[in-house]
Amino acid sequence: VQRLRMLALIGLARWQEALVQYRACVSASALTLSEKNEALVRIYSGLCDAAGQDAGQMQQVLSNAKATELELTGVLRVLAAGLMRCGQVTAARKMLESALSQQFNKELLPVYHAVAVLEPRESLPHVERLLAQQPADLRLLELAADVCEREQLWGKAISRFETVYASQPSAHVAGKLERLYEAANKPERAKVWREKLNHHLQNDRQLA
């Protein structure tokens, strides 16, 4: 009955009531793990959509969330998207940094990347700590390079992008390195990377 009531409230888009009922279901052990995850993401997606671009409502949604609910990647994604939609970048960043500090989760890196580059100065210390703990993670390495680029730390950005390129050569990273060497006033090195970029682009055209 608890489960059916929750599903009915979700179907009626009565999101706040559905969240209360979801919590009752969890207390009563009325849901399987997959049902819990699916229902919670749907409920928070509904709450965020209902908040729209109202920053106050989004802050209320976030403040009402329980710590255990913020352990779910899908919930963090929809909350981050909702916060960014209404200009609450700092709140989204702090929420994601807290989650990543408690447990490193590769699936959160793309959404954190989008937030971190908007507040590079504030995110840089956290990104550096994560990289020290996970030095071999290429996605994290590219995030650190992007943040350093935003902060005009050309040497660090170049070093990290070159490490990424050595493991996964791509036109995207070659183009980044060309621009960084230009910004660092090293035209000869920029020329080397421009040639690598053109080589990638030619290969891509041939494949196409």
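What comes next concerns the included structure. None of the values given here were measured: they were computed from a predicted structure. (Residues numbered from 1 in each chain as written. Predicted model: local features only at pLDDT ≥ 70, side-chain atom pairs only at ≥ 80, totals over all residues. Heavy atoms only, no water.)

**Quick word on the overall build of the protein chain**
Defined as follows: Counting from the N terminus, the helices are the DSSP runs of H or I reaching at least four residues and the strands are the DSSP runs of E reaching at least two. Atoms considered for the radius of gyration are the C-alpha atoms alone. The globule rule reads 2.2 Å times the number of residues to the power 0.38. Buried residues are those whose accessible area, probed at 1.4 Å on protein chains only, stays under 20% of the maximum for their type, while exposed residues exceed 50% and partly exposed ones sit between those limits. Residue contacts are defined here by distance: any two heavy atoms, one from each residue, within 4.5 Å place the two residues in contact. Under the convention used here, a 1.4 Å probe and the Shrake-Rupley method define accessible areas, while residue burial counts only the protein chains that appear. His is not counted here, nor are the chain ends, while Lys and Arg score as positive and Asp and Glu score as negative. In plain terms, the charge of a residue is placed at NZ if it is Lys, CZ if Arg, CG if Asp and CD if Glu.
When its secondary structure is counted, the protein chain shows 12 helices and zero strands. Sequence-ordered secondary structure for the protein chain, helices as α and strands as β, is α-α-α-α-α-α-α-α-α-α-α-α. Computed over the C-alpha atoms, the radius of gyration of the protein chain is 21 Å, more than 25% above the 17 Å expected from 2.2 N^0.38 for a compact globule of 208 residues. Taking the principal axes of the C-alpha coordinates as reference, the protein chain spans close to 70 × 40 × 30 Å. Counting all 208 residues of the protein chain, 44% fall into the buried class. For the protein chain, contacts bridging at least 24 residues in sequence account for 52% of all contacts bridging at least 6. By element, 50% of the accessible surface of the protein chain is carried by carbon and sulfur atoms, the whole surface being about 11,200 Å². Placing the 26 positive and 23 negative side-chain charges of the protein chain at their respective mean positions leaves the two points 2 Å apart.

**A closer look at the nonpolar core**
General note: in soluble globular proteins, nonpolar side chains tend to be found buried as a group. Worth spelling out the cut-off: Buried Ala, Val, Leu, Ile, Met, Phe, Trp, Tyr and Cys residues that are joined via side-chain atoms within 4.5 Å together make up what is termed a nonpolar core.
Ranked by internal contacts, the top residues of the largest apolar core, which has 67 residues, are Tyr44, Leu79 and Leu96. Leave out the neighbours within four places in its chain, and Leu79 touches Tyr44, Cys48, Met58, Val61, Leu62, Leu70 and Met95.

**Here's the deal with helix 5 (residues 73-85)**
Owing to its 3.6 residues per turn, the α-helix aligns residues three or four sequence positions apart on the same side. Selection criterion: Each residue after the first adds 1.5 Å to the expected span of a helix.
Counted at 1.5 Å a residue, the expected span for helix 5 with its 13 residues is 18 Å, and the 18 Å between its end C-alpha atoms agrees. Among the residues making up helix 5, those that are buried are Thr73, Gly74, Val75, Leu76, Val78, Leu79, Ala80, Gly82 and Leu83. Buried positions along helix 5 lie against helix 3 (33-51), helix 4 (55-64), helix 6 (89-102) and helix 7 (109-116). Remark: Gly87 follows helix 5 within two positions and exhibits a positive phi of approximately 80 degrees.

**Focus on the environment of Leu19**
Position of Leu19 among the secondary structure elements: in helix 2 (residues 15-27). Here the alpha-carbon distance between Leu19 and Tyr44, two residues 25 residues apart in the chain, equals 8.2 Å.

**Thoughts on the pattern of salt bridges**
Rule in force here: The salt bridge definition used is simple: a Lys or Arg side-chain nitrogen within 4 Å of an Asp or Glu carboxyl oxygen.
Considering all chains together, one arrives at 14 salt bridges under this definition. A salt bridge links Glu69 to Arg23; the shortest N-O distance between them is 2.8 Å. Residue Glu69 is found in the loop between helix 4 and helix 5, and its partner Arg23 is found in helix 2; the two are separated by 46 residues along the sequence. This pair shows no difference in class: Glu69 is buried, exactly as Arg23 is. Between Glu119 and Arg93 there is a salt bridge, with the nearest N and O atoms lying 2.5 Å from each other. Linking Glu119 in the loop between helix 7 and helix 8 (120-133) with Arg93 in helix 6, this pair joins segments that are 26 residues apart in sequence. The exposure class of Glu119 is buried, given its relative accessible area of 13%. Arg93 gets classed as buried once you look at its relative accessible area, which sits at 6%. Where salt bridges share partners, they join Arg93, Glu97 and Glu119 into one cluster.

**Quick look at the packing of aromatic side chains**
We count it as follows: Side-chain rings of Phe, Tyr and Trp (the six-membered ring for Trp) are treated as a pair once their centres are within 6.5 Å; stacked means planes under 30 degrees apart, edge-to-face means over 60, and tilted covers the remaining angles. As a reminder, the over-ring test applies to NZ of lysine and CZ of arginine, requiring each to be within 6 Å of the ring centre and within 35 degrees of the ring normal.
Following the criterion strictly, the structure yields one aromatic pair and no others. Consider the rings of Tyr165 and Trp193, whose centres lie 4.8 Å apart with planes at 90 degrees: the pair is edge-to-face. Of this pair, Tyr165 sits in helix 10 (residues 154-167) while Trp193 sits in helix 12 (residues 187-207), and the two are 28 residues apart along the sequence. Across from the ring centre of Trp193, 4.2 Å away, lies the NZ or CZ of Lys196, which sits over that ring.

**Looking at helix 9 (residues 138-150)**
Keep this limit in mind: Think of a polar contact as two N or O atoms within 3.5 Å of one another; within protein, one of them needs to be a possible hydrogen donor and the other a possible acceptor, and neighboring residues in sequence only count if both atoms come from side chains.
In this model helix 9 runs 18 Å from its N-terminal to its C-terminal C-alpha over 13 residues, within 8% of the 18 Å that 1.5 Å per residue would give. Residues Leu140, Leu141, Glu142, Leu143, Ala144, Ala145, Asp146, Val147 and Cys148 constitute the buried set of helix 9. Packed against the buried residues of helix 9 are helix 7, helix 8, helix 10 and helix 11 (171-183). For helix 9, the side-chain oxygen to backbone nitrogen distance between the N-cap and Arg139 is 3.1 Å, and the N-cap itself is Asp137.

**Looking at the packing of helix 9 against helix 10**
Rules: Every axis corresponds to a line fitted to the C-alpha atoms, with the helix fit spanning only the stretch in contact, and the corresponding angles, defined between N-to-C directions, vary from 0 to 180 degrees. Our angle categories are set so that under 35 degrees counts as roughly parallel, over 145 as roughly antiparallel, 65 to 115 as roughly perpendicular, and the remainder as oblique. Should the near helix be turned anticlockwise from the far one by less than a right angle, the crossing is left-handed, and should it be turned clockwise, the crossing is right-handed.
Following both chains from N to C, one finds helix 9 and helix 10 inclined at 155 degrees, their axes separated by 8 Å at the closest point. Relative to helix 10, the element helix 9 is oriented roughly antiparallel. In the crossing of helix 9 with helix 10, the sense of the turn from one axis to the other is left-handed. For the pair formed by helix 9 and helix 10, the contact residues are Leu138, Leu141, Glu142, Ala144, Ala145, Asp146, Cys148 and Glu149 on the first element and Trp154, Lys156, Ala157, Arg160, Phe161, Thr163, Val164 and Ser167 on the second.

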